[in-house]
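# Coordinate analysis (summary)
Residue-level listing of the chains:
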Amino acid sequence: MNIKKPVLCCTSITKFFSGVIALDKVNFNLFPGEIHGLLGENGAGKSTLIKCLTGVYLPDHGDIYYEGKRVVFAAPSEARNRGISTVYQEINLIQTLSVAENIFAGRQPLSKGRINWKKINERSRELLAMLDLDIDVTALLSEYSTAVQQMVAIARSLDISAKVLILDEPTSSLDEDEAHMLFNVIRKLRNEGMAIVFISHFLDQVLELCDTLTILRNGESVGEYRANEISKHELIIKMLGKKLAAFENRVAELNSSDESKKDVFYSVRSMSRRKSMKHFDLDLKKGEVLGLAGLLGSGRTEIARLLFGIDKPHSGNTVIKGVSGSVLSPKNAVRHSFGYCPEDRKLEGLIPCLTIRENIVLALQVKKGLLKYISLKKQRKIAEKFMQLVSIKAPSCEENVSRLSGGNQQKVIIARWLAANPEFLILDEPTRGIDVGAKFEIQKLILKFRDLGMSILFISSELDELVRCCDRVAVLRDRKKITEYTGRSLCSEKIMATIAHVTSEAEDGNLL
Ligand SMILES: Nc1ncnc2c1ncn2[C@@H]1O[C@H](COP(=O)(O)OP(=O)(O)OP(=O)(O)O)[C@@H](O)[C@H]1O
Ligand SMILES: [Mg+2]
């Protein structure tokens, strides 16, 4: 029995959005000195619960207690001032401000009525040092990777002498090493008595890090469990409910194809870009999935950007559909029937003021030419088909995308690119932040489109997923292509060893 009192708890929290129930009588208890995982499918209600607890939303029913007293937080600032720090799923950092300015935005320490920059910069350095990060805090945030930006968001919330720290998907843009670095910080804070809520779709991470787990399904709490008393399998059953059988069938369906006889669609020789990517060769075949593996910053996104013509190479030759020397620009790429679903989908992809339908048909409309209007009826048909294919949870395709849960918003972008039916599709981390059931749906779709002849470049940090979906995997390290694996030599152990540099390159096989 837990003799401690919860620092934060709620009873029977209910929340409706335009008459639709998002949280249904949810109870939640958070104790000091524990890491409490919050789990559930996309749209299960995790972020909504956090937002009810921290004053972003006012719940329709139910009570919240903080340090033993009933509270009503009218705004997030009230919760923050009382010691509840939250890093929300949609991080609101400002690219055009410096790292330190981001950390202190809106609460700059003043001395004699002036902003004390020296103090801001010093304190920012200290905070980032807690996260083992040593960067120039006066540089613009936009100069740093998503991973560093995520750390900055956490540093921002760490500053306040918090009793509760809530992290909504903090690791989705971190690689494994960075995630473990963050875990060490989280554990240290837990050991100092802080109560931490951790939301993630990486079940292995959740099981490794958390002491307690609460599972939500369709807005209801399924139950609370000790992390060391529940297996990953049981966890998935509880998250998905009855859907498990179908889910297991899907896993079995995934398989790989014979790729040896396929035609090359797009080939690149000796392409490079200074400070970004060393010389590499790449062949993309019709009807194949080529994976790119490597740590964050190893050059995966850089290759994608070069192939799509966003960044200009400083050297290299291209042959696209047998025609050599094409100079690529994104406009040209779209004309060649390329699609690009970027890594940072929130920043580069979704148009929040439009509906799901409008967001989905966007790429198709651009491909067809803006003057060739697609009728509303047809748009609805396309949107509904792809909503179903990637299992977007929403009342209808006319719903505004800003009302969707984080994971469902990501699925809209993926649906958009699939709907455009490109010949070559780049998917940069398409399943990041997406729940375990939908992840398999997306993997299955990748294989389905491959079988229809699409050429797919698939970037992922999850090696299991690469091995399961790819015909070939190129491994990158330090902005250099090291080797490729295919057929029987394609396994996560080999890829991992190459990424970590534990085998000699000559032993890696298939060296280009
Ligand atoms: N502002 C809003 N307006 C209308 N509906 C909303 C709003 N915010 C969330 N919802 C709905 O409430 C439900 C729960 O969403 P929530 O964001 O809490 O899910 P989640 O568990 O955090 O999912 P994910 O893993 O995708 O982040 C979803 O059906 C979502 O569409
Ligand atoms: Mg969420």
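Residues numbered from 1 in each chain as written. Chains lettered and ligands numbered in written order. Predicted model: local features only at pLDDT ≥ 70, side-chain atom pairs only at ≥ 80, totals over all residues. Heavy atoms only, no water.

With that out of the way, let us pick up the overall build of the protein chain. Each helix and strand counted, the protein chain has 18 helices and 22 strands in total. The proportion of buried residues among the 512 residues of the protein chain is 53%. Restricting to contacts in the protein chain with at least 6 residues of sequence separation, those with at least 24 account for 66%. Carbon together with sulfur atoms contributes 51% to the accessible area of the protein chain, which is approximately 23100 Å² in total. (Helix = DSSP H or I, 4+ residues; strand = E, 2+ residues; numbered from the N terminus. Buried < 20%, exposed > 50% of the residue type's maximum accessible area, 1.4 Å probe, protein only. Contact = heavy atoms within 4.5 Å. Areas by Shrake-Rupley, 256 points an atom, 1.4 Å probe, with all protein chains shown as cover.)

Two side chains of opposite charge can pair, provided their charged atoms sit close to one another. A complete count under the given rule lists 20 salt bridges for this structure. A salt bridge links Lys 25 to Asp 24; the nearest nitrogen and oxygen atoms lie 3.7 Å apart. Given a relative accessible area of 56%, Lys 25 falls into the exposed group. Across the salt bridge formed by Glu 484 and Arg 472, the nearest N and O atoms sit 2.8 Å from each other. Here Glu 484, found in strand β22 (residues 480-486), pairs with Arg 472, found in strand β21 (residues 472-477); they are twelve residues apart in sequence, far enough to count as distant. Each member of the pair Glu 484 and Arg 472 is classed as buried. Via salt bridges that share partners, Glu 288, Arg 472, Lys 481 and Glu 484 belong to a single interconnected network. (Salt bridge = Lys/Arg side-chain N within 4 Å of Asp/Glu carboxyl O.)

The next subject is helix α8 (residues 232-240). Of the positions making up α8, those classed as buried are Leu 235, Ile 236, Met 239 and Leu 240. The buried residues of α8 all sit within an arc of 115° when viewed along its axis, so they share a single face. Gly 241 occupies a position one or two residues after α8 and carries a positive phi of about 65°. (Arc of directions from axis to C-beta.)

Attention shifts here to the sheet that holds strand β5 (residues 69-71). Paired through their backbone hydrogen bonds, the strands of a sheet run either parallel or antiparallel. The four strands are arranged β2-β1-β4-β5 in an open sheet whose pairing can be described as antiparallel. Looking at which strands have only one partner, the edges of the open sheet turn out to be β2 (20-30) and β5. Direction aside, the axes of adjacent strands within the sheet are offset by 30° on average. Two strands pair when backbone bridges link them, and strand β4 (residues 61-66) and β5 are joined in this way by three bridges, in the antiparallel orientation. Across the sheet, residue Tyr 65 finds its bridge partner in β5, namely Arg 70. (Pairing = 2+ DSSP bridges. Axes fitted to C-alpha atoms, helices over the stretch in contact; angles between N-to-C directions.)

Although it is not a glycine, Ser 12 adopts a positive phi angle of roughly 55°. As for its position among the elements, Ser 12 is in strand β1 (residues 8-17). Located in the positive-phi region is Asn 218, a residue other than glycine, with phi close to 45°. With respect to the helices and strands, Asn 218 occurs in the loop between β11 (212-217) and β12 (220-226).

A few words now on the packing of aromatic side chains. Per the counting criterion, the structure on display carries nine aromatic pairs. Relative to Phe 424, the ring of Phe 265 has its centre 6.3 Å away and its plane inclined at 50°; by these criteria the two rings are tilted. Taken together, the positions of Phe 265 in strand β13 (residues 264-273) and Phe 424 in strand β19 (residues 424-428) put the pair 159 residues apart, joining distant regions of the chain. Of the residues examined, Phe 424 reaches a relative accessible area of 0% and is grouped as buried. Considering the side-chain rings of Tyr 266 and Phe 424, the 5.7 Å spacing of their centres and the 85° angle between planes classify their relative orientation as edge-to-face. Of the two residues, Tyr 266 sits in strand β13 while Phe 424 sits in strand β19, which places them 158 residues apart along the sequence. Residue Tyr 266 is classed as buried on the basis of its relative accessible area, which comes to 0%. Through a chain of ring-to-ring contacts, three or more aromatic side chains come together here, namely Phe 265, Tyr 266, Phe 338 and Phe 424. (Phe/Tyr/Trp six-rings, centres within 6.5 Å; stacked < 30°, edge-to-face > 60°.)

On to a positive patch on the surface, then. Positive charge collects at one region of the surface, where Lys 367, Lys 368, Lys 372, Lys 377, Lys 378, Lys 381, Lys 385 and Lys 448 lie side by side. Within the residue set of the positive patch, elements represented by two or more residues are α13 (356-368) and α14 (376-389). The leading source of residues in the positive patch is α14, at four residues. Here Lys 381 is to be found in helix α14. Judged by its relative accessible area of 64%, Lys 381 falls in the exposed class. (Patch = residues over 30% accessible without salt bridge, like charges linked within 9 Å, V, L, I, M, F, W, Y side chains within 5 Å. Lys, Arg positive; Asp, Glu negative; His and termini not counted. Charge placed at Lys NZ, Arg CZ, Asp CG, Glu CD.)

Attention now moves to the site of ligand 1. Surveying the vicinity of ligand 1 reveals 20 residues, the closest of which are Gly 43, Lys 46, Thr 48, Ser 405 and Gly 407. In the model, an oxygen atom of ligand 1 is placed 2.5 Å from a nitrogen or oxygen of the Thr 48 side chain. Contact between ligand 1 and Ser 405: an oxygen atom at 2.7 Å from a side-chain N or O atom of the residue. The protein chains hide 87% of the 640 Å² of surface that ligand 1 would expose on its own. Formed jointly, the shell around ligand 1 draws a minimum of three residues from each of two domains, domain 1 (8-251) and domain 3 (350-421). (Near = heavy atom within 4 Å. Polar contact = N/O pair within 3.5 Å; in protein donor to acceptor, adjacent residues only side chain to side chain. Domains from an automatic or database assignment.)

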